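One letter stands for each residue in the lines below.
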Amino acid sequence: MANEKTKLKETKGVFKVIGKVARIDRDGAFREDVLNKPDNRNHGRLYRSLRFGVKTSPTNEIIVQAFDYEPQEVFLWNSKKREADPNYKGDRIPFETWKEQQDELREQGYVVLQSRIGLDYDEKGKLKTKGLPRFVALKEIYENINNGDSVVVEGTIRYSKYKNRNDEIVEQKNYMIERVFRIKDIDFEDDNFEEVSYFEQEMVFVDADLDKEEKKAYVTGRIIDFNGNFEDTQFVINFANENGETDPAMLKLAQAFTKKMEFGDVINVFGDVINRVVVEEVEDEEEDDLLAELGGRSKPKHAQNYVSRTYITEMSINGVDAWKKGVYTEDDFEKDSLID
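Presented here is a report on the structure given in the accompanying data block.

Calculation criteria
- Residues numbered from 1 in each chain as written.
- Predicted model: local features only at pLDDT ≥ 70, side-chain atom pairs only at ≥ 80, totals over all residues.
- Heavy atoms only, no water.
- Helix = DSSP H or I, 4+ residues; strand = E, 2+ residues; numbered from the N terminus.
- Contact = heavy atoms within 4.5 Å.
- Buried < 20%, exposed > 50% of the residue type's maximum accessible area, 1.4 Å probe, protein only.
- Core = buried A, V, L, I, M, F, W, Y, C linked by side-chain atoms within 4.5 Å.
- Salt bridge = Lys/Arg side-chain N within 4 Å of Asp/Glu carboxyl O.

Structural notes on the environment of S49
- Summarising the element assignment, S49 is placed in strand β3 (residues 46-55).
- Spatially, the C-alpha atoms of S49 and F67 are 4.3 Å apart, while their sequence positions differ by 18 residues.
- Each residue touching S49, except ones within four places of it in the same chain, is listed here: A29, F30, R31, A66, F67 and L138.

Some words on the environment of K184
- Relative to the helices and strands, K184 resides in the loop between β11 (169-182) and β12 (196-211).
- Judged by its relative accessible area of 75%, K184 falls in the exposed class.
- Sequence separation of K184 and D149 is 35 residues, and the distance between their C-alpha atoms is 8.8 Å.

So, the nonpolar core
- Grouped together as the largest cluster of nonpolar side chains are 55 residues, with contacts concentrated most on F52, V64, W98, V153, F257 and I317.
- For this core, the element with the most residues is helix α3 (residues 134-144), which contributes five residues.
- Each residue touching W98, except ones within four places of it in the same chain, is listed here: V74, L76, I93, L105, R106, V112, L132, P133 and V136.
- Counting residues in each nonpolar core, the second largest holds seven residues, with L8, I224, V266 and F333 among its members.

Remarks on the pattern of salt bridges
- The final tally for this structure, using the stated rule, is 18 salt bridges.
- Residues E32 and R48 are paired through a salt bridge, measuring 2.6 Å at the closest nitrogen-oxygen approach. Of this pair, E32 sits in strand β2 (residues 30-34) while R48 sits in strand β3, placing them 16 residues apart in sequence.
- Residue E32 is classed as partly exposed on the basis of its relative accessible area of 40%.
- Residue R48 is classed as buried on the basis of its relative accessible area, which comes to 11%.

Shape is all these values report; function is a separate question.
Structure, rendered in structure tokens:
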């Protein structure tokens, strides 16, 4: 009799970005509409979506987003009730009832855990925060933040793949909004400024490849969702410092992934989300003598050079804070395998 497959357990990922709002003014940044897909079980339901950028530095911008249908019920939590009754599991009430009584419910100690926002300050300068159903939070966020506002955005990471028009498989990493807080204006030029584009991700190790020329290790991790579905995605370990020289600590980490970790190990990594544009101004070559003999005017300054842009999009691992060996085997991921 074959060994039973190990049940696939969700591997969770979270992110936190601090920066300035961008693209909130673009068409489609916020949408409210009724789903018109007869074959979809949510056909006819009202939905809202939100998508905007957070510039964590002058050259790095992370796109964050969220989507939800208008709920029929709202889940509420009350800590006082839990203290009085250890068996308390929360309350569910109709969405319309929550809308009418939300202020009273907050005064009674009830909170909504799905989304949390803080977009305004009170007279004492304290940020006022509240829990809201995601469907409601999306509209409040859109109506109360503008391009250039400084914010903290936190949430979860989802992974997926799709085929583009060229029939190529494209990998997507979606940063799903759960909390948005307004903060003091950020000054990227301040000497004390520190960029925050942080992520943590638990994953099943698949393999890793070390590229000594690029001074990078490419790590393939398997992400398992709540329903047991899984996707492979790529992470990067950069072991070159700002001067292009080898960073011994990061090289050691890269080598650990290629030599010590094996398929099926479950690891929790942390690092930086990078979606950066590198801009380089390239000078034209000097005019040679033959062309100089032709006479005429010199090129105007605006045409004497051109800008080269390189786009870097990656999840860069900086370290590991948990490692469980031998959790899964390849057979655990065989979707159609039969168990005797």
